[in-house]
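# Architecture and fold: a report
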Amino acid sequence: MKKIFLASFLISTFISPQTATWAKTYPIYNFSAPLLNAVKNCYKYNEEFTKINPDLTSSEAICQRFNIRINGIMADNLCHASVTHKTQDMGKTVYKCKLSRAERNELYQAMLNQSAEPITSTFSIKEEYEDENGTLHQALTPMTMTDTAFNIALTKLKHNACTSDYEEPNESEQKLFNEYVLTFSENFQNKLKTCTPAQEYIKTPYLSKPIKIIGKEANTCVIDSGTFIYHIPMSDIYKLTNYDQLSTFAADPQIAKYVSTPDLSYVLFALSKCLKEEDDYQSPIQNQMINNIQMTKQTTSHNQDQDCVLKFMETVSRPDYYEAYETVCIFPEAEVKELLAPYQKILAKASQTQISQTTQNAAQKLYDTLNKKGYCHLNSL
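In this report, the structure presented in the accompanying data block is examined. All values derive from a computational prediction rather than experimental measurement.

Definitions and limits used
- Residues numbered from 1 in each chain as written.
- Predicted model: local features only at pLDDT ≥ 70, side-chain atom pairs only at ≥ 80, totals over all residues.
- Heavy atoms only, no water.
- Salt bridge = Lys/Arg side-chain N within 4 Å of Asp/Glu carboxyl O.
- Helix = DSSP H or I, 4+ residues; strand = E, 2+ residues; numbered from the N terminus.
- Buried < 20%, exposed > 50% of the residue type's maximum accessible area, 1.4 Å probe, protein only.
- Axes fitted to C-alpha atoms, helices over the stretch in contact; angles between N-to-C directions.
- Parallel < 35°, antiparallel > 145°, perpendicular 65-115°, else oblique.
- Left-handed = near helix turned anticlockwise from the far one by under 90°.
- Contact = heavy atoms within 4.5 Å.
- Nonpolar A, V, L, I, M, F, W, Y, C, P; charged D, E, K, R; others polar.
- Pairing = 2+ DSSP bridges.
- Disulfide = S-S within 2.5 Å.
- Arc of directions from axis to C-beta.
- Phe/Tyr/Trp six-rings, centres within 6.5 Å; stacked < 30°, edge-to-face > 60°.

## Observations regarding the pattern of salt bridges
Going through the model one piece at a time under the given rule, you end up with six salt bridges. Residue Glu106 pairs with Lys156 through a salt bridge whose shortest N-O separation is 2.7 Å. One end of the pair, Glu106, is in helix α4 (residues 101-112); the other, Lys156, is in helix α5 (residues 149-160), and 50 residues separate them in sequence. For Glu106, a relative accessible area of 33% corresponds to the partly exposed category. Between Glu314 and Lys297 there is a salt bridge; the shortest N-O distance is 3.8 Å. Placement of Glu314 in strand β16 (residues 307-318) and of Lys297 in strand β15 (residues 293-304) is noted, with a sequence separation of 17 residues between them. Exposure class is identical for Glu314 and Lys297. Each is buried.

## Observations regarding the packing of helix α2 (residues 33-41) against α4
Relative to each other, α2 and α4 sit at 155°, their axes nearing to 8 Å. It follows from the interaxial angle that α2 and α4 lie roughly antiparallel. Here α2 runs over α4; the crossing is left-handed. For the pair α2 and α4, the contacting residues are Leu35, Leu36, Val39, Lys40 and Asn41 in the first and Arg104, Leu107, Tyr108, Met111 and Leu112 in the second. Tallied by class, residues from the contact of α2 with α4 come to seven nonpolar, one polar and two charged.

## Observations regarding the sheet that holds strand β10 (residues 220-224)
If you trace the five strands from one edge of the open sheet to the other, you get β8-β9-β10-β11-β12, paired in antiparallel fashion. Each edge of the sheet is formed by a strand with only one pairing partner; in this case those strands are β8 (198-200) and β12 (256-258). For this sheet, the mean angle separating the axes of adjacent strands, direction not counted, is 20°. Two elements, strand β9 (residues 211-217) and β10, share five bridges in a ladder whose sense is antiparallel. Bridge pairing in β10 links Lys212 to Asp224. With respect to the sheet, helix α7 (residues 186-194) is in contact with β8, β9 and β10, its orientation differing from that of β9 by roughly 20°.

## Remarks on the state of the cysteines
According to the stated counting rule, one finds five disulfides in the structure shown. Between the sulfur atoms of Cys97 and its disulfide mate Cys162 the distance is 2.1 Å. Across the disulfide from Cys97 to Cys162, rotation about the S-S bond amounts to roughly 110°, and the bridge is consequently right-handed. Of the two residues, Cys97 is situated in strand β4 (residues 91-99) and Cys162 in strand β7 (residues 162-167); the sequence distance between them amounts to 65 residues. Judged by its relative accessible area of 9%, Cys162 is buried. One disulfide bridge connects Cys274 with Cys308, the sulfur atoms lying 2.0 Å from each other. Since a negative S-S torsion denotes a left-handed disulfide, the Cys274-Cys308 link at about 70° is right-handed.

## Observations regarding α7
Turning to α7, its buried residues number three or more, namely Phe188, Gln189 and Leu192. Along the axis of α7, the buried residues cluster in a sector spanning 100°; they form a single face. Summarising the geometry of α7, the exposed residues directed more than 90 degrees from the buried face are Glu186 and Lys193. Contact partners of the buried residues in α7: β8, β9, β10 and α8 (234-237). Looking one or two places after α7, you find Cys195, whose phi comes out positive at around 55°.

## Some remarks on the packing of aromatic side chains
Geometry of an aromatic ring pair is reported as the spacing of the ring centres plus the angle between the planes. Scanning the entire structure with this criterion turns up nine aromatic pairs. Ring centres of Phe31 and Phe49 lie 5.8 Å apart, and the angle between their planes is 40°; on these two criteria the pair is classed as tilted. One end of the pair, Phe31, is in the loop between α1 (7-10) and α2; the other, Phe49, is in helix α3 (residues 49-52), with 18 residues separating them in the sequence. Residue Phe31 is classed as buried on the basis of its relative accessible area, which comes to 15%. Note on Phe49: relative accessible area 1%, which makes it buried. An angle of 65° between the planes, with centres 5.1 Å apart, marks the rings of Phe184 and Phe188 as edge-to-face. Note on Phe188: relative accessible area 2%, which makes it buried.

See the structure below:
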């Protein structure tokens, strides 16, 4: 069964529950020195990749683990390796790869490249096709890809050096996996029981920020998950041992208050449109789900009487409860050129479908500048 190779977990897109990123970015991953050495020399080595990269996020918003095993150079003079991808609900996929020296060196060099800026590359990939007699053949076809050097190298390997096998999860494996990825540490559980301030990153791609115990307030324990501030009755605190139990409280607006956070991914594009009075701007709508709660974010801008009106809109749909927020920034059109001047080169290369880290950083600085000048205000609708 053909499955998506390593690139599927390393190319982030993902709007997944509780992640801080709402648009596609090009993240940088941590590679341990032993893993780099093993790839370079094809030494035998085994590593759980998600332990070194706890914020690794899935494009399908599921808890996951990745284990990388390098078996060494075999009789065929190729470096044999495998990647095991375990997910909470979708079983296990094992990718088996045989890398030539040139492929191994390209992968190693790409791992050393810590640039988050995308590049465009055209290369050949092997594709199977079936003739009229039902016989399978392979042909080389060109593929053009814009991504990081690392993800491009992985995509080449997916098509040219790897096969995959998929196994459905059994009940025992799923139970063990859930316990592994979602359960709070014993120390954090003890802190919860007394509502003592503490924080912890849980072992799941659902969070890119730690869960924080703030402390007691009016017979409740205040917990910050990044997306919600929970006021959980002390009588229920002893029940909390994992993230799933905590997230069930998010459906109750009396317990969980949504934390409005503008999506800044499209600020550069929104500001540039303010220079053209006839053009209104609307970003793609970003969606996020936590259990049965749906959240959306969108950025808009327009020129109104020579003022730039920039809006960051958010909605939260819970069972029987709906919330809407907008952060509005209004400032003179004359300031737009000055604001954008340092970022013209970034804007010229920026893509609205492939938000880079450089674009994100520029957007954050621009928003901080507007906010400090007092131009931005949060409204509940």
